[in-house]
Amino acid sequence: MMGTPSGRMRQTILEWLKDPADHFPAPGRRDPAETGVTARAVATKLGVRHRTARAHLDFLTRLGVLRTRRLRCRTYYRRDEIRIAEVARVFEKGW
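What counts as what
Residues numbered from 1 in each chain as written. Predicted model: local features only at pLDDT ≥ 70, side-chain atom pairs only at ≥ 80, totals over all residues. Heavy atoms only, no water. Helix = DSSP H or I, 4+ residues; strand = E, 2+ residues; numbered from the N terminus. Rg over C-alpha atoms; globule rule 2.2 N^0.38 Å. Buried < 20%, exposed > 50% of the residue type's maximum accessible area, 1.4 Å probe, protein only. Expected span 1.5 Å × (residues − 1). pLDDT = per-residue confidence, 0-100. Salt bridge = Lys/Arg side-chain N within 4 Å of Asp/Glu carboxyl O. Pairing = 2+ DSSP bridges. Arc of directions from axis to C-beta. Contact = heavy atoms within 4.5 Å.

Peer 1: Can you help me understand the overall build of the protein in this one?
Peer 2: Within the protein, the regular secondary structure consists of 6 helices and 3 strands. A globule of 95 residues ought to have a C-alpha radius of gyration of about 12 Å, and the protein, at 13 Å, matches this closely. Along the first, second and third principal axes, the C-alpha atoms of the protein reach 45 × 25 × 25 Å. For the protein, with 95 residues in total, the buried portion stands at 31%.

Take a look at the structure:
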């Protein structure tokens, strides 16, 4: 998965979301580490359309490595560290 352009983009998103405050300055009072990051913020940083970023974020959410939180009319994405650790252990064991 990570060898393709899409895979590299998803890996980049996951890396950025490790420390979202460094990569996505929060307007106002929201802490991006707690609340998460919007698809629009990810799209802007990647330099792609909102729809493209949303597709990657939705894919990662379906895999279970991202969690979503709905606030008003926006969806916020953040890493699910427990699930990421579980997936890493599966690959370390060699399936």
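Peer 1: Would you explain helix H1 (residues 5-18) in this entry?
Peer 2: Owing to its 3.6 residues per turn, the α-helix brings residues three or four apart onto one side. When the terminal C-alpha atoms of H1 are compared, their 20 Å separation across 14 residues agrees well with the 20 Å that a helix rising 1.5 Å per residue should span. Along H1, the positions that sit buried rather than exposed are Gly7, Arg10, Ile13, Leu14, Trp16 and Leu17.

Peer 1: So what exactly am I meant to see when it comes to the confidence of the model for the protein here?
Peer 2: Low-pLDDT stretches of the model should not have their predicted coordinates read in fine detail. For the protein, the average pLDDT comes to 89, and 93% of its residues sit at 70 or higher. Highest mean pLDDT in the protein belongs to helix H5 (residues 50-63) (96); lowest belongs to helix H3 (residues 32-35) (81).

Peer 1: Mind showing me how you'd approach the pattern of salt bridges here?
Peer 2: A side chain of one charge can pair with a side chain of the opposite charge when the charged atoms of the two come close. Evaluated as defined, the whole model comprises 4 salt bridges. Of the charged contacts, one joins arginine 79 and glutamate 81 as a salt bridge, the two residues approaching to 2.6 Å between their closest N and O atoms. Overall, glutamate 81 belongs to the partly exposed group, its relative accessible area being 43%. Here glutamate 86 makes a salt bridge to arginine 83, at a shortest N to O gap of 3.7 Å. Here glutamate 86 and its partner arginine 83 are both found in helix H6 (residues 81-92), 3 residues apart, which amounts to about one turn of the helix. Given a relative accessible area of 34%, glutamate 86 falls into the partly exposed group. For arginine 83, a relative accessible area of 33% gives the class partly exposed.

Peer 1: What is the right way to read unusual backbone geometry from this model?
Peer 2: Glycine aside, negative phi is the norm for most residues, and most peptide bonds take the trans geometry. With a phi close to 55°, arginine 72 is a non-glycine residue in the positive phi region. Counting through the fold element by element, arginine 72 comes out in the loop between strand E2 (66-71) and strand E3 (74-79).

Peer 1: Is there a simple way to think about the pairing of E2 in this case?
Peer 2: It is a general feature of regular strands that their side chains alternate between the two faces of the sheet. The pairing of E2 with E3 spans 6 bridges and is antiparallel. Bridging across to E3, threonine 68 finds its partner in tyrosine 77. A loop of 2 residues connects E2 with E3, the two strands running antiparallel in sequence, and arginine 72 in this loop sits at a positive phi of about 55°.

Peer 1: I'm lost on helix H4 (residues 39-46) in this one. Help?
Peer 2: Among the residues of H4, those classed as buried are Ala39, Val42 and Ala43. Projected down its long axis, H4 carries its buried residues within an arc of 100°, all on one side. Every exposed residue of H4 that faces more than 90 degrees away from the buried side is listed here: Arg40 and Thr44. Buried residues in H4 make contact with H1, strand E1 (37-38), H5 and E3. Once H4 ends, the next one or two residues include glycine 47, with phi positive near 75°.

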